[in-house]
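Here are the chains, one letter per residue:
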Amino acid sequence: MSSEVTDAALVARCRAGDHVAWQELVERFSRYVYAISVQAFRLGHHDAEDVFQEVFARAYQQLHKLRDDDAIRPWLGQLTRRLCIDKLRAAAREAPVEDVDPPGADDTIAELDEAFAVREALDAAPEHCRDVLDRFFCRDESYATIGAELDLPAGTIASRISRCLAGLRKFLEGKKPAPSAV
Amino acid sequence: MSRYDETRIGELLRRLPPAPDAWVRAAQELPLARLGLEDLVRRAEEDVEFRTRLVADLEAALREEGVEPDPELVEALRRRFQQ
């Protein structure tokens, strides 16, 4: 995903029928939709996949209904939430439970919103930082695996992660990271 | 103290692992499915020779399918076959 194009601009391009923009939109929000279904609502693999596809199918159909193009993320979040609850209600009809909404779902979604902001900051970071931080934190790859992939010693990977995290922290604090620092 | 220290940033990054590739690809291909092009994509995935011919002249292939080859669609398909 790229942070160069704003959410609003991406939505406008999608609405105009730009297929490449749609691919970018799915890429940009796929982690968020996925995380809500499996972390906040604890859906199993198949149910999460159903919700994931339904969210983007409805988004594609109903993009023209979005009043504020900048609000695409909360809109997708609400849609995901609603579809997860529908899924849990359908399951509860077969095996009734008192409350289908898992405890802590709202807190988890708030945490994911914060995670998305950090993710956006990561997208503005230099390519080598994006790559190494994504591999280590998001894809759970070890120093050795990353080192083998990038043809770098594990120690270099560790120090790069440390420097890139410091750069990201500065960025999040409102200071631009010095590219040479990482 | 900053709202974000390095540990917290790491925790938040871990919260958003990638969705399975196949799910993302299927969602990205929704517009192609709407145009009835999913069979074309599937065939191109299964048949290397067909894919080579297709990529060589995507515009003509789309016209054969009765679809107007607008530049965004051609670019979307090109990206898809490069994955």
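Residues numbered from 1 in each chain as written. Chains lettered and ligands numbered in written order. Predicted model: local features only at pLDDT ≥ 70, side-chain atom pairs only at ≥ 80, totals over all residues.

*Asks:* Please explain the overall build of chain B as it appears in this structure.
*Replies:* Each helix and strand in chain B was counted, giving seven helices and zero strands. Going residue by residue from the N terminus, the α and β elements of chain B occur as α-α-α-α-α-α-α. Since a compact globule built from 83 residues should have a radius of gyration of about 12 Å, the 19 Å found for chain B marks it as more spread out than a globular shape. For chain B, the spread of C-alpha atoms along the principal axes amounts to about 65 × 25 × 20 Å. A burial count over chain B gives 28% of its 83 residues as buried. (Helix = DSSP H or I, 4+ residues; strand = E, 2+ residues; numbered from the N terminus. Rg over C-alpha atoms; globule rule 2.2 N^0.38 Å. Buried ≥ 20, exposed ≤ 12 C-beta atoms within 10 Å, placed from the backbone.)

*Asks:* Hey, could you run me through the domain arrangement of chain A in this one?
*Replies:* It is common to give the size of an interface as the accessible area lost on bringing the parts into contact. Domain annotation for chain A reports domain 1 (1–122) and domain 2 (125–182). Each of domain 1 of chain A and domain 2 of chain A has a C-alpha centre, and these two points are 27 Å apart. (Domains from an automatic or database assignment.)

*Asks:* Sorry if this is basic, but what is going on with the confidence of the model for chain A here?
*Replies:* The predicted coordinates of low-pLDDT regions are not to be read in fine detail. Looking at chain A as a whole, its pLDDT mean stands at 89, while 91% of the residues score no less than 70. This stretch, residues 176–182 of chain A, has a pLDDT under 50; its non-local contacts, to residues over four places away or in other chains, come to 13 contacts. (pLDDT = per-residue confidence, 0-100. Contact = placed C-beta atoms within 7 Å.)

*Asks:* What am I meant to see in the environment of A:Ile109 here?
*Replies:* Along the chain, A:Ile109 turns up in helix H5 (residues 105–123). Among all residues touching A:Ile109, those that are not within four sequence positions of it are A:Ile36, A:Ala40 and A:Gly77.

*Asks:* Help me out: how do you make sense of the nonpolar core in this one?
*Replies:* Most often, soluble globular proteins have nonpolar side chains that are buried together. Of all hydrophobic cores here, the largest spans 66 residues; its most connected members are A:Tyr32, A:Ile36, A:Phe52 and A:Leu133. With twelve residues, the top contributor of residues to this core is helix H2 (residues 19–40) of chain A. For this core, the domains that each give at least three residues are domain 1 (1–122) and domain 2 (125–182) of chain A. Those residues in contact with A:Tyr32 that lie beyond four places of it in its chain are A:Arg73, A:Leu76, A:Gly77, A:Leu112, A:Phe116 and B:Leu16. (Core = buried A, V, L, I, M, F, W, Y, C linked by C-beta atoms within 7 Å.)

*Asks:* Explain the interface of chain A and chain B here, please?
*Replies:* Taken residue by residue, the interface counts 37 residues in chain A and 26 residues in chain B. Counting residues per element, the ones that place at least two in the side of chain A that touches chain B are H2, helix H3 (45–62), H5, helix H6 (127–138) and helix H8 (154–172) of chain A. Here the element with the most residues in the side of chain A that touches chain B is H2(A); it accounts for eleven residues. Class assignment for the residues of the side of chain A that touches chain B results in 22 nonpolar, five polar and ten charged. (Nonpolar A, V, L, I, M, F, W, Y, C, P; charged D, E, K, R; others polar.)

*Asks:* Where do I start with H5(A) in this structure?
*Replies:* Working note: α-helix, 3.6 residues per turn, so residues spaced by three or four point in the same direction. The terminal C-alpha atoms of H5(A), which comprises 19 residues, lie 26 Å apart, in line with the 27 Å expected from a rise of 1.5 Å per residue. Those residues of H5(A) lying buried are A:Ile109, A:Leu112, A:Ala115, A:Phe116, A:Val118, A:Arg119, A:Ala121 and A:Leu122. Contacts made by the buried residues of H5(A) are with H2, helix H4 (72–94), H6 and H8 of chain A together with helix H1 (6–14) of chain B. (Expected span 1.5 Å × (residues − 1).)

*Asks:* Looking at this structure, how should I read the environment of A:Cys129?
*Replies:* Mapped onto the elements, A:Cys129 comes out in helix H6. Distance in space between the C-alpha atoms of A:Cys129 and A:Gly167 is 9.0 Å, their sequence separation being 38 residues.

*Asks:* Where do I start with the packing of H3(A) against H4(A) in this structure?
*Replies:* Each packed pair of helices is defined by two parameters, the angle between the axes and the distance between the axes. Residues and elements named next belong to chain A. At their nearest, the axes of H3 and H4 sit 9 Å apart, and the two run at 135° to each other. As the angle between them shows, H3 and H4 are arranged oblique. Along this stretch, H3 crosses H4, giving a crossing that reads as right-handed. Residues Asp47, Asp50, Val51, Glu54, Val55, Arg58 and Ala59 of H3 touch H4, and the partners they reach there are Leu76, Leu79, Thr80, Leu83, Cys84 and Lys87. Grouping the constituent residues of the contact of H3 with H4 by class yields seven nonpolar, one polar and five charged. (Axes fitted to C-alpha atoms, helices over the stretch in contact; angles between N-to-C directions. Parallel < 35°, antiparallel > 145°, perpendicular 65-115°, else oblique. Left-handed = near helix turned anticlockwise from the far one by under 90°.)

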